[in-house]
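Coordinate inspection notes
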Amino acid sequence: MRKPFVAGNWKMNTNSSSSIELAERIASGTMEASGSVTMTVCPPFVYLQSVAQALSTSSVGVGAQDVYYEAKGAFTGEISPSMLKDIGCTYCLCGHSERRHVIGETDELINKKVTAAIAGGLLPILCVGELLAEREASQTNGVVTRHVKNGLAGLSAEKASAVTIAYEPVWAIGTGLTATPQQAQDVHDFIRKLLAQMYDDKLAEEIRILYGGSAKPNNAADLMGQPDIDGLLVGGASLKADDFLAIIQAAM
Ligand code: PEP
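The rules behind these values
Residues numbered from 1 in each chain as written. Predicted model: local features only at pLDDT ≥ 70, side-chain atom pairs only at ≥ 80, totals over all residues. Heavy atoms only, no water. Pairing = 2+ DSSP bridges. Helix = DSSP H or I, 4+ residues; strand = E, 2+ residues; numbered from the N terminus. Axes fitted to C-alpha atoms, helices over the stretch in contact; angles between N-to-C directions. Contact = heavy atoms within 4.5 Å. Buried < 20%, exposed > 50% of the residue type's maximum accessible area, 1.4 Å probe, protein only. Near = heavy atom within 4 Å. Polar contact = N/O pair within 3.5 Å; in protein donor to acceptor, adjacent residues only side chain to side chain. Areas by Shrake-Rupley, 256 points an atom, 1.4 Å probe, with all protein chains shown as cover. Nonpolar A, V, L, I, M, F, W, Y, C, P; charged D, E, K, R; others polar. Arc of directions from axis to C-beta. Salt bridge = Lys/Arg side-chain N within 4 Å of Asp/Glu carboxyl O.

Moving on to the sheet that holds strand 8 (residues 231–234). Overall, parallel pairing links the 8 strands, which are arranged 1-2-3-4-5-6-7-8 in a closed barrel. Here the average twist between neighbouring strands, direction ignored, is 25°. Where strand 7 (residues 209–212) meets strand 8, 2 bridges bridge the pair, whose relative direction is parallel. Paired with Tyr211 across the bridge in strand 8 is Leu232. In the packing of helix 12 (residues 241–251) onto the sheet, the strands contacted are strand 1 (5–9), strand 2 (38–42) and strand 8, and the crossing angle to strand 1 comes to about 165°.

Okay, structure coming up:
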């Protein structure tokens, strides 16, 4: 019922020519997947427009790695939802672990971003997940509950249905350590039940929950084979066209 979703987070990588080259290779390799997999890439802000152009004849969408919650005005350095819509963005990441733990974003700020993104017509991908110390202290479910509840605070079921959740254990991001399919499935199942409590069974059944954390061609099928893992948010492997395409192939 839930269409698989593969998203690539390019983080602070590529340049003006390599971003277009990567986008063109992805566009030409995804024709077969166009009806069966939702696909998007999230390049750095400055390359969004040229990447959107390079992908315009494909069904690969473009997403931003972040967004600000105000519509316009004296917010130096920030980018609004309407600006992202204007240049062809469909998605935006909100609360990626690097923004939570490197930049210092709070749940309150992330909630404002999610809310503003939806109001501005974007589809947010809300990232949640625990640190290694939190997993070792058996706090995973508590952390994920806090991230999901605070991230979606104040949103009706209708608004929340625009959101995709990405469960990304921080200890697995960019480390080469991947959660086992069972570890990831357990948390995805937990999140789905939490959404049913917060909203209703319909929303919980329909919302897509992606896994992220060192997803690669060699573990993608096993991860996406789990009943509650609806796709992958891919960092490092999304910078290599062949790897990203192999992950999309595994989602079909
Ligand atoms: C990410 O950036 O969201 C991510 C999951 O990175 P990686 O795949 O490199 O672990």
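Note on placement: Gly151 falls in helix 7 (residues 140–151). Exposure remark for Gly151: the relative accessible area of 1% places this residue in the buried category. Along the chain, Gly151 and Ser214 lie 63 residues apart, while their C-alpha atoms are 24 Å from each other. Ignoring sequence-local partners within four residues, the contact set of Gly151 consists of Asn111, Val114, Leu126 and Arg146.

Let us look at the site of the ligand. Near the ligand, the surroundings consist of 14 residues, among which Lys11, Glu168, Gly174, Ser214 and Gly235 are the closest. Between the ligand and Asn9, the relevant distance is 3.1 Å, taken from an oxygen atom to a side-chain nitrogen or oxygen of the residue. Measuring from an oxygen atom of the ligand, one finds a side-chain N or O atom of Glu168 at 2.7 Å. Considered on its own, the ligand offers 300 Å² of accessible surface; in the complex 97% of this is hidden by protein. Across the shell around the ligand, the residue classes break down as 4 nonpolar, 8 polar and 2 charged.

Tracing the sequence through the fold places Ser238 in the loop between strand 8 and helix 12. For Ser238, the side chain forms a polar contact with the main-chain oxygen of Val234, separated by 3.2 Å. Residue contacts for Ser238: discarding those within four places in its chain leaves Gly8, Asn9, Trp10, Leu22 and Phe244.

So, on to helix 12. Along helix 12, the residues that are buried comprise Ala241, Phe244, Leu245, Ile247, Ile248 and Ala251. Seen along its axis, helix 12 keeps its buried residues to an arc of 155°; they face one direction. Each element contacted by the buried residues of helix 12 is listed here: strand 1, helix 1 (16–29), strand 2, helix 11 (217–224) and strand 8.

When the charged atoms of two side chains lie near each other, side chains of opposite charge can form a pair. Tallied over the full model, the rule gives 16 salt bridges. Among the salt bridges present, the one from Asp66 reaches Lys113, with a minimum N-O distance of 2.9 Å. Taken together, the positions of Asp66 in the loop between strand 3 (60–64) and helix 3 (81–86) and Lys113 in helix 5 (residues 107–119) put the pair 47 residues apart, joining distant regions of the chain. Side by side, Asp66 and Lys113 carry an identical accessibility label, which is buried. For the salt bridge of Arg99 with Glu105, the shortest nitrogen-to-oxygen distance reads 2.6 Å. Here Glu105 falls in the buried class, since its relative accessible area comes to 8%. Within the structure, one salt-bridge network assembled from shared partners comprises Arg2, Arg192, Glu205, Asp228 and Asp230.

The values are spatial; any link to function lies outside them.
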